Amino acid sequence: MTSSLLTPGSTRPTPSAAPGTSCPQERPEAEDLSALRVVPARHPGRVALAVLVGLVVAAVLFSFVTNPRWEWGVVARWFLAESIVDGLLETLKLTVAAGAVGFGLGLVLALMRLSKSGIVSGVSWTFSWIFRSTPLLVQLLLWYNLGYLYERITLGIPLTDVTLVDARTSDLMTPMLAAILGLGLHQAAYAAELIRGGILSVDQGQLEAAGALGIPARDRSLRIVLPQAMRAILPPAFNEIIGLVKGTSIVYVLAHAELFFTVQLIYGRTQEVLPMLLVATLWYVVITSALSIGQYYIERHYSKGALRTLPPTPLQALRARFARRRPTAAGVPA
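Note that the structure is predicted; figures quoted are calculated from it, not measured.

### A look at the overall build of the protein chain
Inference 1: Along the backbone of the protein chain there are 13 helices and two strands.
Inference 2: Among the 334 residues that make up the protein chain, the fraction classed as buried is 25%.
Inference 3: Total accessible area computed for the protein chain in this model is approximately 23,300 Å², and 64% of it derives from carbon and sulfur atoms.

### Let's talk about the pattern of salt bridges
Inference 1: Enumeration according to the criterion identifies six salt bridges in this entry.
Inference 2: The salt bridge involving Lys93 is made with Glu90; its shortest N-O contact spans 3.5 Å. Here Lys93 and its partner Glu90 are both found in helix α3 (residues 82–113), three residues apart, which amounts to about one turn of the helix.
Inference 3: In the salt-bridge network here, residues are joined through shared partners; they are Arg113, Glu193 and Arg196.

### Quick notes on the packing of aromatic side chains
Inference 1: Applying the stated criterion to the full structure yields seven aromatic pairs.
Inference 2: With a centroid separation of 4.5 Å and an interplanar angle of 0°, the aromatic rings of Phe79 and Trp283 are classed as stacked. Here Trp283 lies in helix α12 (residues 273–302) and Phe79 lies in helix α2 (residues 72–79), a separation of 204 residues in the sequence.
Inference 3: Plain terms: the ring middles of Tyr252 and Phe260 are 5.8 Å apart, the flat faces sit at 75° to each other, and that makes the pair edge-to-face.
Inference 4: A network of ring pairs unites the aromatic residues Phe64, Trp70 and Trp72 as a single cluster.

### Side note on the confidence of the model for the protein chain
Inference 1: Here the protein chain averages 84 in pLDDT, and 87% of its residues register 70 or above.
Inference 2: Within the protein chain, the lowest mean pLDDT, 77, falls on helix α13 (residues 314–325), and the highest, 94, falls on α3.

### Things to note about a nonpolar patch on the surface
Inference 1: Residues Leu49, Leu52, Val53, Val56, Val57, Val60, Leu61, Phe64, Val65 and Trp72 make up a contiguous nonpolar surface patch of roughly 910 Å² in combined accessible area.
Inference 2: Tracing the sequence through the fold places Val56 in helix α1 (residues 44–66).

### Comments concerning the side chain of Thr95
Inference 1: If you trace the backbone, Thr95 turns up in helix α3.
Inference 2: The contacts of Thr95, once residues within four sequence positions are left out, are Leu244, Val245 and Thr248.

### Quick word on the packing of α3 against helix α4 (residues 118–133)
Inference 1: The geometry of α3 relative to α4 is characterised by a closest axis approach of 7 Å and an angle of 135° between their N-to-C directions. If you check the angle between α3 and α4, you find them oblique. For α3 against α4, the interelement crossing comes out left-handed. From α3, Leu105, Leu109, Met112 and Arg113 reach across to α4, where they touch Val120, Ser121, Val123, Ser124, Trp125 and Phe127.

### Thoughts on the environment of Gly73
Inference 1: Mapping Gly73 onto the fold places it in helix α2.
Inference 2: Residue Gly73 is classed as exposed on the basis of its relative accessible area of 53%.
Inference 3: When the C-alpha positions of Gly73 and Pro275 are compared, they lie 8.8 Å apart, and in sequence the two are 202 residues distant.

### Structural notes on the UniProt feature "transmembrane region" (unreviewed entry) in the protein chain
Inference 1: With numbering aligned to this structure, UniProt lists the feature "transmembrane region" (unreviewed entry) at residues 47–65, 94–114, 126–146, 249–267 and 273–298.
Inference 2: Taken end to end, residues 47–65 is 100% helix and 0% strand, and its first and last C-alpha atoms sit 27 Å apart.
Inference 3: Split by type, residues 126–146 is 86% helix and 0% strand. Its first and last C-alpha atoms lie 21 Å apart.

### What to know about unusual backbone geometry
Inference 1: The phi torsion at Glu71 lies on the positive side, around 55°, for a residue other than glycine.
Inference 2: Within the secondary structure, Glu71 sits in the loop between α1 and α2.
Inference 3: With a phi close to 60°, Ala255 is a non-glycine residue in the positive phi region.
Inference 4: Here Ala255 is to be found in the loop between α10 (217–247) and α11 (259–270).

What counts, and where the lines are drawn
- Residues numbered from 1 in each chain as written.
- Predicted model: local features only at pLDDT ≥ 70, side-chain atom pairs only at ≥ 80, totals over all residues.
- Heavy atoms only, no water.
- Helix = DSSP H or I, 4+ residues; strand = E, 2+ residues; numbered from the N terminus.
- Buried < 20%, exposed > 50% of the residue type's maximum accessible area, 1.4 Å probe, protein only.
- Areas by Shrake-Rupley, 256 points an atom, 1.4 Å probe, with all protein chains shown as cover.
- Salt bridge = Lys/Arg side-chain N within 4 Å of Asp/Glu carboxyl O.
- Phe/Tyr/Trp six-rings, centres within 6.5 Å; stacked < 30°, edge-to-face > 60°.
- pLDDT = per-residue confidence, 0-100.
- Patch = residues over 30% accessible without salt bridge, like charges linked within 9 Å, V, L, I, M, F, W, Y side chains within 5 Å.
- Contact = heavy atoms within 4.5 Å.
- Axes fitted to C-alpha atoms, helices over the stretch in contact; angles between N-to-C directions.
- Parallel < 35°, antiparallel > 145°, perpendicular 65-115°, else oblique.
- Left-handed = near helix turned anticlockwise from the far one by under 90°.
- UniProt positions renumbered as here; feature names shortened; annotations may be inferred.

What follows is the structure in structure tokens.
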């Protein structure tokens, strides 16, 4: 047994560790990090790429502004001309009518394809197969020349003498009607597959749980399946609508006065080809931009059930960015 003597003013000696054991280390004092400056991470590659892209964009814009052959004065003169606006309205009419026919019939075809009846499902598959296998231009010309195959169209009540419609096919099949039928039926073949894919993306357990709770089939489809399927349907559906807007330009073969056909008539008379094509391009950009904005907000609405917190809209994000940069009364960023 060992002992140690303590003299006045001396300190108690540190007891030695037992043989075979490690000496416990003293815990260092907490370091004050408040005075350190936070340095953001550097991304030189990202900065170089941004500079390169900015130079390319600036060069393209400079070429657009300084090249006199674009004839921006002609573009400004014809952009809101009455004939151009009338052609734009015809394009919008074709888009709305053909889109309603396409997606309305596409929904019916999608439900038929999901039917357990082999005949009903086979008819839907055959329709999609035929109209997706045929070029849109060929379909438009076939509908417009339907009078060659059937001289008259007669509709009535079977087994009676009552006639509802009896007219020459060439009188009924106007360029507008032929365009709506061609674009609408062509769109229906693609819309049917989009809607069917969206319905199949919903977990089967949702329907089984709803059926176990005794929810009617109609409510299961409209309140459970359809809202969840819309999240998968909307992105490709809007792509199809945007493609339909641009696809209306092919109707010029029927001599229907939509936007592109009107532009063709004007530059055929004035020989100002590039400025008039730029007028049509700018209007198509305006329409598709408006559809893209609508797509964003509609998709955001249907994502409420999938996300706890919805992402901010571009306007909300811009306001938040300005709020962070707005200086306070003391001159410190908020």
